[in-house]
Amino acid sequence: MLPRLAPLLLLVASTAPALAQEAAAPTLAAGPQLQELVEPELPEGTAFPEGADSVTVVLTIDVDETGAVQGVAVKEGAGEPFDGAARSAAGRFVFEPARLTDGRTVPVKIAFRMTIAAPPPPPAPEPEPVRYQLTLLERGTRVPLARLRVLAVKEGEQLAEGLTDAAGVALLTVDATEFTLVALPPEHQKLEVSITAEAGESRDETIYLQRTTGAYSTVVRAQRVRREVTRRVLSKAEVEKLPGTSGDTIKVIENLPGVARPSFSGGDIILRGASPGDSRVFLEGLEIPSVYHFGGLRSTFGSKFLETVDFVPGNYSAEYGRATGGIIDVKVRDPATDLFRGRVDLNAYDASFALEGPVTDTLSIGGGFARSYIDTLLPLALPDSAPVAFDTAPRFYDYQLIASYRPAKGHQLRLLFFGSMDRLQLLFEEPTSDPTVRGALSTRSMFHQLMLTSRSRLSSSWSEETSVRVGLQEVGFSLGQDFAFDLGLRDLSWRSTFTFRPSERFELAGGLDGRWGRVKLALSSPRPPKEGEGSVPTATQDLITFESTSIVYEPATFLEARLRPIDGLTLTPGLRLDYYGPIEGWALDPRLSAIVDLGERTSLRAGAGLYQQQPFYDESAPNVGNPELLPERSFQASAGIAHRLPLGPDASLEVDVTGFYKKLDRLVSRNLSFGFTADEPPYLSQGTGRIFGAELLARARLGDRFVGWLAYTYQRSLRTDRPGAAERRFDFDQPHILTAVASWELPHGFTVGARFRLVSGNPTTPVVSSIFDAAAGVYVPVYGDVNSERLPAFHQLDLRVDRTWVFPRWKFSAYLDVQNAYAHGNVEGTRYSYDYAQSEALTGLPILPVFGVKGEW
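Rules used in this analysis
Each chain carries its own residue numbering, running from 1 in the direction its sequence is written. With pLDDT at 70 or above as the cut-off, local features in this predicted model cover only qualifying residues; side-chain atom pairs require 80 or more to be listed or tallied, and sums for whole chains, interfaces and linings still use all residues. In computing side-chain properties, one takes all heavy atoms of the structure into account and sets aside hydrogens as well as water. In this analysis, strands are considered paired if DSSP registers two or more bridges between them. Here a strand is any run of E in DSSP of at least two residues, a helix any run of H or I of at least four, and the numbering for each starts at the N terminus. Fitted lines through C-alpha atoms serve as axes, helices being fitted only where they are in contact, and the angles separating the N-to-C directions of these axes extend from 0 to 180 degrees. Buried, partly exposed and exposed residues are distinguished by accessible area as a fraction of the type maximum, computed with a 1.4 Å probe on protein chains only: under 20%, between the cut-offs, and over 50%, respectively. The contact definition used throughout considers only heavy atoms, calling two residues in contact when any of these lie within 4.5 Å. Each reported salt bridge corresponds to a side-chain nitrogen of Lys or Arg within 4 Å of a carboxyl oxygen of Asp or Glu.

Notes on the sheet that holds strand β13 (residues 157-163)
With respect to topology, four strands assemble into an open sheet ordered β13-β12-β15-β16, the strand pairing being antiparallel. Each edge of the open sheet is held by one strand with a lone partner, namely β13 and β16 (191-196). With strand direction ignored, the average angle separating the axes of adjacent strands in the sheet is 25°. As paired elements, strand β12 (residues 149-154) and β13 share six bridges and run antiparallel to each other.

Here it is, written out as structure tokens:
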């Protein structure tokens, strides 16, 4: 309560004699001035007169010469307790004393009017705020939507704001019981939810938001440092719904420029006209034994745990070696660290499942397994006239187990255990023209690998990555009781890379990689034909029986720098040194690439270098081969231009054109003098070759729901088997390779896609006549000029339709992948009668629809 003070107007002199002074005596110059005001204190609950909000009490106050109050009397009162409160408060006032004209202080009596106001009514209690905890997750996958701004609004006014954390959780304190939650995720549906709560309520809710953009925008990655002239990086999210691949990520490389089409039943990788064995497939930098199951239908490492596939068809960096063709490096992702997730996929090919999730804050694990159904599908696709029947049906399986441990920031350990098994056995129901081919044909291929990888950020400038892998591989083949091939390999592989990057303009990387292996080989068969040679009946060939155990040691070291002397120019010189134990040979490979950036949209690239590899083990092994062979060698040069053309706010067209040339020498070819003298080896390093061509990749994105590309390759691959021989076509010389791929995401969870391929037919060597071998009892073909004819062009249309139903905590998908949609009988080879007088075309699979369902959570 605040007293209202009336000025002191009545001043009474404290002594009468002063008033009787002569006119010149001092007079009162200033009355007392109030310095400290004390508010009156009324007992709690004091009632004021009805209808009044204040009372007035008039007091007389005696103020002495020091300004202190000496007495207080009520002159006009308002009754108790008001009078008592006024007296008590006034007795504690402090004044500046009254002064005479000569400066002396004097006591005075003043009248003081005190107004005591009634206290204001207590304010109404404010309602307690609503405490709201909101968790935002992606519908179907339960992925947290992190760093998302969430607002609480009411009638256009913002009441509270929160930001979701890494777990998708936002905390808001809202001073209202009715409000609306609003959020605008860039790739998900808008959040707009009306909330009605009780005052002081604490609420915890989880909301699932549907993704609205396509799968093609789910992976965001910065522009990586490019060291090769042509390097294409495919993410799993970009390719898992493309037609013709059945969701297999690795198989998508068949749709890129520079990749020749392998024949049906083959999983060969043919890059820029190189032989299938001249290119390598790596998993996290270490070569894997086999990338495809038999027939090339599926890759041996499940797509669930793949992160990216790096594809370099030529002129790759010094980090990789032992190949004169190109490389493919498969990158594996870590298991989920947020919560346990899984996937089950059932289709006509196989059944697979995967499960992953965190064990602790620093440890996550995952695993997957796939088992084929091809044993029921393939017999249905073979024509009735096929002279074979399945005894043990073709089957395969593969598995992956991953554990990722992060003991500290910048450090990671990952353990990977994976393997694959393929097995096929069939019976010849009808005798063939070759009397040695009887009984059953059996093949098997398996490998098991255990890999440990360490990655560390040693400082702001230094980093290291080291991988060690131990493995077991076995390959077996048998035909009846006479022919057999068994290969067993126990190996240890390693790779260690240290990178020093003190600035944006300089980077130096170097390290060691290699492998040590124990190879056991058992052979009972004729010598297999070399590339470009036609097959002849085995009854006319000499049988080679051989068993050996050898040690293979292949260490290597590499050093590579990345220099940016000026803005827009990047130079990458590199040097690699390999040692090949089986032939006791060294190989030194210098390499150089350059990139010139002409603005943000255009870049020029060029590169040149030397690439070497050792011959195949059967070609260099003692007794059956020539251990004095030289490393096969390839000089590669390429140049290209890439340009990105914006077509709108959410659309672009990327065009990449590359020309390439490769010169081959020291190629292993058959020694025509072998067998005439004891000193002549079966193989010599006398073959040469040349490969040239150009690649075009035009890739379009239209918004978030369409992606497609056109890939065209013109290439020629020519070989010369020995000095003085005529140049001929390579077995996989395919001058024209055209692939068009497109995928659209439609409303209501539908995705449709198409792939069309048009490829030149493979060269073939015609049979011009035959000779009857009376000793063997078979006809022997007489071949014309090597690869002088060509099979008809290959063309095929593949279609795919996906439908996805998204539930709050999981997703369900059904898909139909139709290969060879118009059932074109592509010619893959020629089958001859027993005397080679008649022939018929061998065609690949007819239309092949594959239906599947998939669940993810």
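Now, onward.
Considering the environment of Pro849
Note that Pro849 resides in strand β51 (residues 848-856). Looking at Pro849, the relative accessible area reads 45%, which means it is partly exposed. Along the backbone, Pro849 and Leu799 are 50 residues apart, and their C-alpha atoms lie at a distance of 9.2 Å. Setting aside residues up to four positions removed in sequence, Pro849 forms contacts with Leu816, Asp817 and Val818.

Some points on the pattern of salt bridges
If you walk through the whole model with that rule in mind, you get 51 salt bridges. For Glu504, the salt bridge identified is with Arg501, shortest N-O distance 2.9 Å. A salt bridge links Glu554 to Arg515; its shortest N-O distance comes to 2.6 Å. A residue pair is termed long-range when its members are at least 10 positions apart, and Glu554 in strand β32 (residues 544-563) and Arg515 in strand β31 (residues 506-525) qualify at 39 residues.

Some points on the sheet that holds strand β17 (residues 202-209)
Strands belonging to one sheet form pairs held by backbone hydrogen bonds; the direction of such a pair is parallel or antiparallel. Overall, mixed pairing links the three strands, which are arranged β14-β11-β17 in an open sheet. Lying at the two open borders of the sheet, with one neighbouring strand each, are β14 (169-174) and β17. Between one strand and the next, the sheet's axes are offset by a mean angle of 25°, whatever the strand orientation. Sheet analysis places strand β11 (residues 130-138) next to β14, joined by six bridges and oriented antiparallel. In the strand pairing of β14, Val130 is matched with Val174.

Here we look at unusual backbone geometry
The peptide bond linking Glu80 to Pro81 adopts the cis configuration, its omega dihedral lying at 5°. Within the element layout of this structure, Pro81 appears in the loop between β6 (69-76) and α1 (82-90). Although it is not a glycine, Glu155 adopts a positive phi angle of roughly 55°. Relative to the elements of secondary structure, Glu155 occurs in the loop between β12 and β13. Residue class for Glu155 comes out exposed when judged on its relative accessible area of 81%. Look at Asn820: it is not a glycine, yet its phi comes out positive at around 60°. The topology assignment puts Asn820 in the loop between β48 (811-819) and β49 (827-832).

Just geometry here; none of it tells us what the structure is for.
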